[in-house]
Amino acid sequence: MATASGEIQLYKLIEAQQGSSGLECELSTDLGPDRLALSLDWSTGQGESSDVRVVSSDSTGSLTLLSLGEADLTAVCQWKAHEYEAWISAFSYWDTQTVYSGGDDSKLKGWDLRMGCSSPTFTSKRHTMGVCSIHSNPHREHILATGSYDENVLLWDGRNIKQPLSETAVGGGVWRLKWHPSQEHLLLAACMHNDFQILYCQKALEGQETPCPVLGSYILHNSLAYGADWSRLPVSSSAPPSPQEPPQTSSGLVESTGHLRIQYESPTASFDTSLEDDSGRYIPDQCPSPEKSSVSDLFTSDARDSVSCLIATCSFYDHMMHVWRWDWSPEEKRESL
């Protein structure tokens, strides 16, 4: 956890009483006085590693590299990376001696930890406003996604930072980007004033200089779209019928044996809405399915398997977190959120 008090904290998931779970703080490291910790990334984006490290960015424009031992989290080095806030820091998951950073100075930078951190290996000014999200693709070497207040998502080949592979306008500042844990072509974006978007990046990854089409959006947050991530848990593609009166958790999430049904409590209105029918399919109100020809054209022959995912998203001012399911079946030419 990166905190507003300038700490990096590590928590352990523990079993509490009556089968519930809780979080227990294991380790904590202070990044320095008068700063907010703004981001962190693990070096383990491709799985287990004997050398586990964390990189963090903060409000002074600095980056901190930390090493995780058996009983401590130690700062290895800290350096000034940006003139203003360093909004984001990230490892290259293919070469964890390489770190990327983005700041409010509109600059994207790369750092080689083997060469010291006195100067970056590159500085890109391709974004026109603050760079606030970076994520290395864990499935495709050299592929990097970046997002900015300029409302664009750029895909890069790390070997050539002069020109991005693609540029996609998403209609809102891109505060967070996350590649899908198993589908190399799916990219989740938290787009601040324009909700949460799922981008299909296959053609861009193949070298075609084309924007990434949006496969789906989630629009039920009433505040800035800030945090987003995919669940690593498998989701059954076919869900059994829901019971007549499914049990409800304290969070307002209605449980079922095979799928999630969201009942949404708006901070500004008192109503609930069920987003799925008894088969786990989305019930659209005013969202027609995409045209068959255009949707089919997005997919290559080896990428036509259906995808079912759980996604967690959170918004800023109302402090809300939602967990929702996304089903995509190219052969059926439909999407559901």
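Further up the page is the structure itself.
Residues numbered from 1 in each chain as written. Predicted model: local features only at pLDDT ≥ 70, side-chain atom pairs only at ≥ 80, totals over all residues. Heavy atoms only, no water.

Enquirer: It is not clear to me how the overall build of the protein chain should be interpreted in this structure. Could you clarify?
Expert: Each helix and strand counted, the protein chain has two helices and 24 strands in total. Looking at the protein chain residue by residue over its 337 residues, the buried ones come to 48%. Partitioning the intrachain contacts of the protein chain with sequence separation of at least 6 by distance along the chain shows that 47% fall at a separation of at least 24. Surface accessibility of the protein chain: about 16700 Å² in total, with carbon and sulfur atoms responsible for 47%. (Helix = DSSP H or I, 4+ residues; strand = E, 2+ residues; numbered from the N terminus. Buried < 20%, exposed > 50% of the residue type's maximum accessible area, 1.4 Å probe, protein only. Contact = heavy atoms within 4.5 Å. Areas by Shrake-Rupley, 256 points an atom, 1.4 Å probe, with all protein chains shown as cover.)

Enquirer: How should the nonpolar core be read in this particular structure?
Expert: As a rule of thumb, soluble globular proteins bury nonpolar side chains together. Core analysis: the largest hydrophobic core is formed by 18 residues, its most contacted members being Leu186, Ile198, Leu215, Trp230, Ile311 and Trp326. Every element with two or more residues in this core is listed here: strand S16 (186-190), strand S17 (196-200), strand S18 (214-218), strand S19 (225-230), strand S22 (307-315) and strand S23 (321-329). Counting residues in hydrophobic clusters, the runner-up holds 17 residues, among them Ala145, Leu155, Leu187 and Cys201. (Core = buried A, V, L, I, M, F, W, Y, C linked by side-chain atoms within 4.5 Å.)

Enquirer: When you look at the sheet that holds S17 in this model, what are you seeing that I'm missing?
Expert: The strands making up a sheet associate through hydrogen bonds between their backbones, and the pairing can be parallel or antiparallel. One open sheet accounts for four strands, arranged S15-S16-S17-S18; its pairing is antiparallel. The sheet terminates laterally at strand S15 (176-179) and S18, the two strands that pair on one side only. Taken pair by pair, the neighbouring strands of this sheet meet at an average axis angle of 20°, ignoring direction. Here S15 pairs with S16 via four bridges, running antiparallel. Paired with Lys178 across the two strands is Leu188, which belongs to S16. (Pairing = 2+ DSSP bridges. Axes fitted to C-alpha atoms, helices over the stretch in contact; angles between N-to-C directions.)

Enquirer: Is there a simple way to think about the sheet that holds strand S6 (residues 73-80) in this case?
Expert: A sheet is described by the order of its strands in space; here four strands give the open sequence S3-S4-S5-S6, paired in antiparallel fashion. The open sheet has two edge strands, strand S3 (37-42) and S6, and neither has a second partner. On average, each strand axis in the sheet is inclined to that of its neighbour by 20°, with strand direction left out of account. Pairing of strand S4 (residues 53-58) with strand S5 (residues 62-68), which is carried by five bridges, proceeds in the antiparallel orientation.

Enquirer: Before we go on, may I ask you to explain the pattern of salt bridges in this structure?
Expert: Oppositely charged side chains may form a pair once their charged atoms are brought near each other. Following the criterion strictly, the structure yields 10 salt bridges and no others. For Asp58, the salt bridge is made with Arg35, and the minimal N-O distance between the two is 3.1 Å. Here the residue Asp58 occupies a position in strand S4, and Arg35 occupies one in the loop between strand S2 (21-30) and S3, the gap between them amounting to 23 residues. The class for Asp58 is buried, based on a relative accessible area of 0%. Residue Arg35 is classed as buried on the basis of its relative accessible area, which comes to 13%. The shortest N-O distance in the salt bridge between Glu83 and Lys107 comes to 3.3 Å. Residue Glu83 is located in the loop between S6 and strand S7 (88-92), and its partner Lys107 is located in the loop between strand S8 (95-102) and strand S9 (108-112); the two are separated by 24 residues in the primary sequence. When salt bridges that share partners are traced, they join Asp95, Asp112 and Arg114 into one network. (Salt bridge = Lys/Arg side-chain N within 4 Å of Asp/Glu carboxyl O.)

Enquirer: What is the right way to look at the pairing of strand S14 (residues 166-169) in this model?
Expert: What you see with S14 is a clean split: Ser166 and Thr168 sit on the buried side and Glu167 and Ala169 on the side with no burial. Here strand S13 (residues 152-157) pairs with S14 via four bridges, running antiparallel. The partner of Val153 across the bridge, within S14, is Thr168.

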